[in-house]
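# Observations on the model geometry
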Amino acid sequence: MHIDDILLTMRDGKPQSDEAIRAFIDGLGDGSVSRPQAAAWLAFAYVHTLSASETTALTRAMTHSGDVLHWVDGPPLTDKHSTGGVGDKVSLILAPLWAELGFRVPMISGRGLGHTGGTLDKLESIPGYRCDRDVAALQDQLADVGVFITGQTGQLAPADQVLYGLRNETCTVPSIPLITGSILSKKLASGVSRLVLDVKTGSGAFMKQTDQAVALARTMVDVAKAAGLDCSALITAMDRPLGRAIGNAIEVEESIAVLKGEGPADLQTLVVELANHPQAASVLASGAAYERFARMVRAQGGSMDVPLLGSGVTEQVLVAERDGVVSCIDALDIGKAGFLLGAGRRRSEDAIDFGVGLWLDVEVGDVVVAGQPLVRILHRDTGLDEAVACVRSGIRVGETVDEHLPLIVDRVG
Ligand code: URA
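Residues numbered from 1 in each chain as written. Predicted model: local features only at pLDDT ≥ 70, side-chain atom pairs only at ≥ 80, totals over all residues. Heavy atoms only, no water.

All right, on to helix α14 (residues 288-299) then. Its 12 residues give α14 an end-to-end C-alpha distance of 17 Å, which sits within 8% of 16 Å, the value for a rise of 1.5 Å per residue. Those residues of α14 that sit buried are A289, Y290, R292, F293, A294, M296 and V297. In this structure, the buried side of α14 is in contact with α5 (90-100), α6 (119-124), α7 (135-145), β3 (147-151) and α11 (249-259). Looking at the residues trailing α14, positive phi occurs at G301, about 90°. (Helix = DSSP H or I, 4+ residues; strand = E, 2+ residues; numbered from the N terminus. Expected span 1.5 Å × (residues − 1). Buried < 20%, exposed > 50% of the residue type's maximum accessible area, 1.4 Å probe, protein only. Contact = heavy atoms within 4.5 Å.)

This is how it looks when you write it as structure tokens:
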């Protein structure tokens, strides 16, 4: 099929055959579809949206745009994907926990963009940690340690790399069919058989409204199941940060605390809910998953012996200006503060500062007195004033607690 015919039917909002969708994706790979043509295709898909069968066809075509990994026989292969949030370090804990529970976890993760953090950035704050091991080395690591967390290779769903960049440039990212194709193509190409989705909702999430988050979860679960994946989703709160730590090294520190059976209750609860295993809570509490995490880090070149925090950062403490109750800790404001300090990046090629971040001394509902510490800001002067302004607008102390979401908002699948 010729791209002109495909674009004409897309422009007029007519249904696309599986063949037309495959031809578009193949054309991206062989260069016969130009960037302007691909941008037009995305804009038409965004405006007219795609049906369920078109979304399934898109996901399938993107999955097969590159290598599809196959693992040797063994324990079930399981993975999790979060749509991203502030303080979301769940993968660092859940992946080794699942390995401890007997699953194999070949986790292919992403980097942070904007105010949301990325699992790979957090792990790379551990000196030496490598996210670019080749497939043969990852095979060995999976057999030996039961878990790896690494980055996407150039050959895994390469169509997504092209489309995701173009979507950023054409303001077509927040489209349920396009997000579904993007996320699931990578997961299907990574060869897992079971996938748990953590779809965030609230100010710090991609999908601010719960009904949008549920619709995204439903589409992803349906398309994943149609592709043969055992898939379910939790819709979870991102109106406030998850846990107490926001940044990179500081989030690894908090993850290690939870892996050792300590750390904040909301983070522990979410990890256990996503693990969806009768022994998850007791294994997490026992601290056994920490040793699995340490083995994974060492296998990927990281050192567990070097302190992660402290080098060259200064701490500034923000205190409550009045007595009262913590009414709200807005995830978006806190995420922006971390970003302004240098913990996040604007463009994928930007460098980040692993050492800066924020530590929340309080949570929503805590009773505080004037002068009591609310937040510790780890900084290197860059962006400090704007970050302080974001924190001041995001943490409010008042008479009552604002309405906020339950940690687990809904379940799909
Ligand atoms: N994460 C992805 O990998 N793709 C999207 O489209 C959105 C979030």
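Between α11 and α14, the least distance of the axes is 7 Å, while the angle of their chain directions is 135°. Taken together, the axes of α11 and α14 lie oblique to each other. For the pair α11 and α14, the contacting residues are V252, I256 and L259 in the first and A288, A289, Y290 and F293 in the second. The class makeup of the residues in the contact of α11 with α14 is seven nonpolar, no polar and no charged. (Axes fitted to C-alpha atoms, helices over the stretch in contact; angles between N-to-C directions. Parallel < 35°, antiparallel > 145°, perpendicular 65-115°, else oblique. Nonpolar A, V, L, I, M, F, W, Y, C, P; charged D, E, K, R; others polar.)

Moving on to the domain arrangement of the protein chain. The domains assigned to the protein chain are domain 1 (3-48), domain 2 (78-299) and domain 3 (314-398). When each unit is reduced to the centre of its C-alpha atoms, the spacing between domain 1 and domain 2 is 30 Å. Taken together, the connections running from domain 1 to domain 2 amount to one salt bridge. A salt bridge links E169 to R35, with the nearest nitrogen and oxygen atoms 3.2 Å apart. Linking domain 1 with domain 2 are one residue pair in polar contact (both at pLDDT 80 or more). Elements with a minimum of two residues in the side of domain 1 that touches domain 2: α2 (18-30) and α3 (35-48). (Domains from an automatic or database assignment. Salt bridge = Lys/Arg side-chain N within 4 Å of Asp/Glu carboxyl O. Polar contact = N/O pair within 3.5 Å; in protein donor to acceptor, adjacent residues only side chain to side chain.)

Time to look at the packing of helix α4 (residues 52-63) against helix α10 (residues 210-226). Taken N-terminus to C-terminus, the directions of α4 and α10 make an angle of 60°; their axes are 10 Å apart at the nearest point. Taken together, α4 and α10 sit at an angle that is classed as oblique. Between α4 and α10 lies a crossing of right-handed hand. Residues T55, T56 and T59 of α4 pack against T219, V223 and A226 of α10. Tallied by class, the residues present in the contact of α4 with α10 amount to two nonpolar, four polar and no charged. (Left-handed = near helix turned anticlockwise from the far one by under 90°.)

What follows deals with the site of the ligand. Contacts to the ligand come from Y164, R167, I179, S182, I183, K186 and F206. S182 is positioned such that a nitrogen or oxygen atom in its side chain is 2.6 Å from a nitrogen atom of the ligand. Considering the ligand on its own, with 240 Å² of exposed area, one finds that the protein chains cover 89% of that surface. Among the elements of the structure, α8 (158-170) and α9 (176-189) are those that each provide at least two residues to the shell around the ligand. Counting residues per element, the shell around the ligand draws most heavily on α9, which supplies four residues. (Near = heavy atom within 4 Å. Areas by Shrake-Rupley, 256 points an atom, 1.4 Å probe, with all protein chains shown as cover.)

Glancing now at the sheet that holds strand β13 (residues 408-412). Within a beta sheet, neighbouring strands are joined by backbone hydrogen bonds and run either parallel or antiparallel to one another. Spatial ordering of the open sheet is given by β1-β4-β5-β13, a layout of four strands whose pairing is mixed. A single partner strand is all that each edge strand has here, and the edge strands are β1 (78-82) and β13. For this sheet, the mean angle separating the axes of adjacent strands, direction not counted, is 20°. Bridge count between strand β4 (residues 194-201) and strand β5 (residues 230-237): eight bridges; the pairing is parallel. Among the inter-strand pairings, V196 is bridged to a residue of β5, identified as S232. Packing against the sheet, α5 makes contact with β1 and β4, and its axis sits at approximately 170° to β1. Here α9 sits on the sheet in contact with β1 and β4, set at roughly 160° to β1. (Pairing = 2+ DSSP bridges.)

Below, the discussion takes up the pattern of salt bridges. Applying the stated criterion across every chain yields a total of 24 salt bridges. Here E254 ties to K89 by a salt bridge, and the two come within 2.5 Å at their closest N and O atoms. Of this pair, E254 sits in helix α11 while K89 sits in the loop between β1 and α5, placing them 165 residues apart in sequence. The class for K89 is buried, based on a relative accessible area of 0%. Taken together, the shared-partner salt bridges in this structure form one network comprising R111, D121, E124 and R345.

Inspection of the entire model under this criterion finds three aromatic pairs. Here F24 and W41 contribute two aromatic rings whose centre-to-centre distance is 4.1 Å and whose plane-to-plane angle is 5°, an arrangement assigned as stacked. Of the two residues, F24 is situated in helix α2 and W41 in helix α3; the sequence distance between them amounts to 17 residues. A relative accessible area of 1% means that W41 is categorised as buried. For the ring pair W98 and F103, a centre distance of 6.4 Å and an interplane angle of 65° mean the geometry is edge-to-face. Exposure remark for F103: the relative accessible area of 14% places this residue in the buried category. (Phe/Tyr/Trp six-rings, centres within 6.5 Å; stacked < 30°, edge-to-face > 60°.)

Turning to the side chain of H81, a few remarks are in order. As for its placement among the helices and strands, H81 is situated in strand β1. Assessed through its relative accessible area of 18%, H81 is described here as buried. Here H81 is in contact with I183, K187, L195, V196, L197 and D198, once residues within four sequence places are set aside.

Under the criterion given, the structure shown has zero disulfides. Note on C390: no disulfide assigned, nearest cysteine sulfur contributed by C328 at a separation of 13 Å. (Disulfide = S-S within 2.5 Å.)

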